[in-house]
Amino acid sequence: MTNINQSIPAASAERARIPPVAFMLTACVGVIGSNSLALGPIAPEVARSLGAGVPAVMTASAAFGLGTAASAVFLGRLIDRHGARRMLAVALLVLAVGLGGSALAPALPLLVAAQLLVGIAAGIALPAIYTLAAVVAPAGRESETIGLVLTGWTLSMVAGVPLSAAVADFAGWRAVYALVAAATLIACAAVRLAAVREGSKGNATSPLAALGVRGVVPLLAACAAFMAAFYGVYGYIGDHLHAALGLPLSANGLVAVSYGLGFGAAAFLDRLIDRFGAARLLPLIFLAVAGVYVSMSAASGSYTAMLGVVFLWGLCNHFGLNVLIMRLTALDPAKRGAIMGLNSGVTYLALFAGTIGFGEIYALTGFSILPMAAAGLMLTAVFTVALTSR
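Bear in mind that the values here come from a model prediction, so they are computed numbers and not experimental data.

Below, the discussion takes up the overall build of the protein chain. Summing up its helical and strand segments, the protein chain has 17 helices and zero strands in all. Its C-alpha atoms give the protein chain a radius of gyration of 21 Å, within 12% of the compact-globule value 21 Å for 390 residues. Taken along the three principal axes of its C-alpha coordinates, the protein chain extends 70 × 45 × 45 Å. Of all 390 residues assigned to the protein chain, the portion counted as buried reaches 52%. Here the contacts in the protein chain between residues at least 6 apart in sequence split such that 85% fall between residues at least 24 apart. Of the accessible surface of the protein chain, which amounts to about 16400 Å², a share of 69% is contributed by carbon and sulfur atoms.

Have a look at this one:
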């Protein structure tokens, strides 16, 4: 009896422990997110330094997104062959090289090329991170582990964006990329030294084979709707606050912080996902996101109300992204890297499509229609995942 009684708390303690590797993966997401969000705040300074316009400078961000999408789809499958930890370490090293090239770029075309290289590296790193998060997660704590890793996006948004602006003011825009490159090298060293049991490595799965896994296509379709809705709305909030509400550009920073805090706060509730089940919750979560968009449309005339809705937006989006990744990584562990590569590819293609498509709507109708269009996309996602759950 003594041995049995002692084994119960020991087992519970082991189950409750999230491995330190998860915190390392959180930092890796934070590094990648810091680069993807850094250019916007420092674009005017970059434009002045390189003798170009801000729209031309932002082509570097487009190059990053397209590089990430293409790399995730066509190179993410190598994770299944060589292992997520090894591919993550290689990707972070290439990422650091691209960031160093960004810091040293003497002209805009070289900055665009460097950011394309950064995107190619990120397209491998992100699916490798999500794959490792699924591998190291303790049984019954999968959503909490993945949720912890996803808070890296909160770090980049709440800390990375303001810090980038401050560093650019103090030491110039090149110092921003140099700082992120140094952080990336530290993350790379941590990944190389991490002890992770990944199990046996398999073959590299082609994107078409990964699409053939049952349940992948509808979940990716839901991912496309989810991400296009987010990027389509988020990309134009700042201009709406400035042009329609007459607020200074600094008001945009508080919106980013509010979203990031909501996204991070959701991590404390992720254990509810493990309790009730990802398949059951995903349609409900997407329905809640649709409701947030409807509320945002109604609140678009008030800055204070918008801050509150944006906090809820971050909260619900965290749950949506967490459960979506959980469901995708659980479909076929042998093809997990390729599937997560497709997920990252769809995400960045949705960024491109959502920004362009919602931009046309915004130019014609103004901001308040954008959240309603996003709500329509989310209802499509609800329908898709509900059928998949059945």
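Between helix H2 (residues 20-50) and helix H8 (residues 142-171), whose axes approach to 6 Å, the crossing angle comes to 35°. The two elements H2 and H8 cross, and the hand of that crossing is right-handed. For the contact of H2 with H8, the per-class residue count stands at 16 nonpolar, eleven polar and no charged.

Quick look at the environment of Gly123 now. Relative to the helices and strands, Gly123 resides in helix H7 (residues 108-136). Taking relative accessible area as the criterion, Gly123 reaches 0% and is therefore assigned buried. Counting along the chain gives 218 residues from Gly123 to Gly341, while the straight-line C-alpha distance between them is 7.2 Å. Sequence-distant contacts of Gly123, defined by excluding residues within four places in its chain, comprise Thr68, Ser71 and Ala72.

Another point: the packing of aromatic side chains. Taken as a whole and judged by the stated rule, the model has 13 aromatic pairs. Residues Trp173 and Tyr177 carry aromatic rings whose centres are separated by 6.1 Å and whose planes lie at 85° to one another, so their mutual orientation is edge-to-face. Separated by four residues within a single helix, Trp173 and Tyr177 lie in helix H9 (residues 173-193), roughly one turn from each other. An identical accessibility class is assigned to Trp173 and Tyr177; each is buried. Taking 5.3 Å as the distance between ring centres and 50° as the angle between the ring planes, the aromatic pair formed by Phe230 and Trp313 counts as tilted.

Here we take up the pattern of salt bridges. All told, the structure shown has two salt bridges when counted by the stated rule. The residue Arg48 makes a salt bridge to Glu45 at a minimum N-O spacing of 2.6 Å. With a gap of three residues between them, Arg48 and Glu45 both fall in helix H2, about one helical turn apart. For the salt bridge of Asp332 with Lys335, the shortest nitrogen-to-oxygen distance reads 3.3 Å. Exposure remark for Lys335: the relative accessible area of 25% places this residue in the partly exposed category.

Right, let's talk about H9 for a bit. For H9, built from 21 residues, the straight-helix expectation of 30 Å at 1.5 Å per residue is met to within 8% by its first-to-last C-alpha distance of 31 Å. All of the buried residues along H9 are Trp173, Val176, Tyr177, Val180, Ala181, Thr184, Ala187, Cys188 and Val191. Taken around the axis of H9, the buried residues stretch over an arc of 130°, which confines them to a single face. Residues of H9 that are exposed and point more than 90 degrees away from the buried face comprise Ile186 and Leu193. As for H9, its buried residues are in contact with H2, helix H6 (84-104), H7 and H8.

Formed by 130 residues in total, the largest nonpolar core has its most connected members in Leu88, Val233, Tyr293 and Trp313. Once you skip the residues sitting within four places of it in the chain, Leu88 turns out to touch Leu25, Cys28, Ala125, Ala128, Ile129, Leu132 and Val191.

This part is about a nonpolar patch on the surface. A contiguous nonpolar surface patch, about 620 Å² in accessible area, is contributed by Phe74, Leu75, Val90, Val94, Val97, Leu116, Leu117 and Ile120. Taken together, the elements giving at least two residues each to the nonpolar patch come down to helix H4 (59-75), H6 and H7. Mapping Val97 onto the fold places it in helix H6.

The residue His318 is located in helix H15 (residues 303-331) in this model. On the accessibility criterion, His318 (0% relative accessible area) is buried. Other than its neighbours up to four places away in sequence, His318 contacts Gly147, Leu150, Thr151, Phe263, Ala266, Ala267 and Asp270.

Turning to the side chain of Asn343, a few remarks are in order. Examined against the element boundaries, Asn343 turns out to sit in helix H16 (residues 336-365). When neighbours within four sequence positions are excluded, Asn343 is seen to be in contact with Tyr130, Leu220, Cys223 and Leu328.

Time to look at the confidence of the model for the protein chain. Across the protein chain, pLDDT averages 85, with 92% of residues at or above 70. Per-element confidence in the protein chain is highest for H6, whose mean pLDDT is 95, and lowest for helix H1 (residues 2-16), whose mean pLDDT is 44. When the criterion is pLDDT under 50, residues 1-14 qualifies, and its contacts beyond four places in sequence or with other chains add up to zero contacts.

With that out of the way, let us pick up the environment of Ile79. By secondary structure assignment, the location of Ile79 is in helix H5 (residues 78-82). Relative accessible area serves as the criterion here: at 3%, Ile79 is assigned to the buried category. Along the chain, Ile79 and Ala122 lie 43 residues apart, while their C-alpha atoms are 13 Å from each other. Excluding its chain neighbours within four sequence positions, the residues that come into contact with Ile79 are Ala84, Met87, Ile124, Pro127, Ala128, Thr131 and Gly337.

Reading guide: rules and limits
- Residues numbered from 1 in each chain as written.
- Predicted model: local features only at pLDDT ≥ 70, side-chain atom pairs only at ≥ 80, totals over all residues.
- Heavy atoms only, no water.
- Helix = DSSP H or I, 4+ residues; strand = E, 2+ residues; numbered from the N terminus.
- Rg over C-alpha atoms; globule rule 2.2 N^0.38 Å.
- Buried < 20%, exposed > 50% of the residue type's maximum accessible area, 1.4 Å probe, protein only.
- Contact = heavy atoms within 4.5 Å.
- Areas by Shrake-Rupley, 256 points an atom, 1.4 Å probe, with all protein chains shown as cover.
- Axes fitted to C-alpha atoms, helices over the stretch in contact; angles between N-to-C directions.
- Left-handed = near helix turned anticlockwise from the far one by under 90°.
- Nonpolar A, V, L, I, M, F, W, Y, C, P; charged D, E, K, R; others polar.
- Phe/Tyr/Trp six-rings, centres within 6.5 Å; stacked < 30°, edge-to-face > 60°.
- Salt bridge = Lys/Arg side-chain N within 4 Å of Asp/Glu carboxyl O.
- Expected span 1.5 Å × (residues − 1).
- Arc of directions from axis to C-beta.
- Core = buried A, V, L, I, M, F, W, Y, C linked by side-chain atoms within 4.5 Å.
- Patch = residues over 30% accessible without salt bridge, like charges linked within 9 Å, V, L, I, M, F, W, Y side chains within 5 Å.
- pLDDT = per-residue confidence, 0-100.

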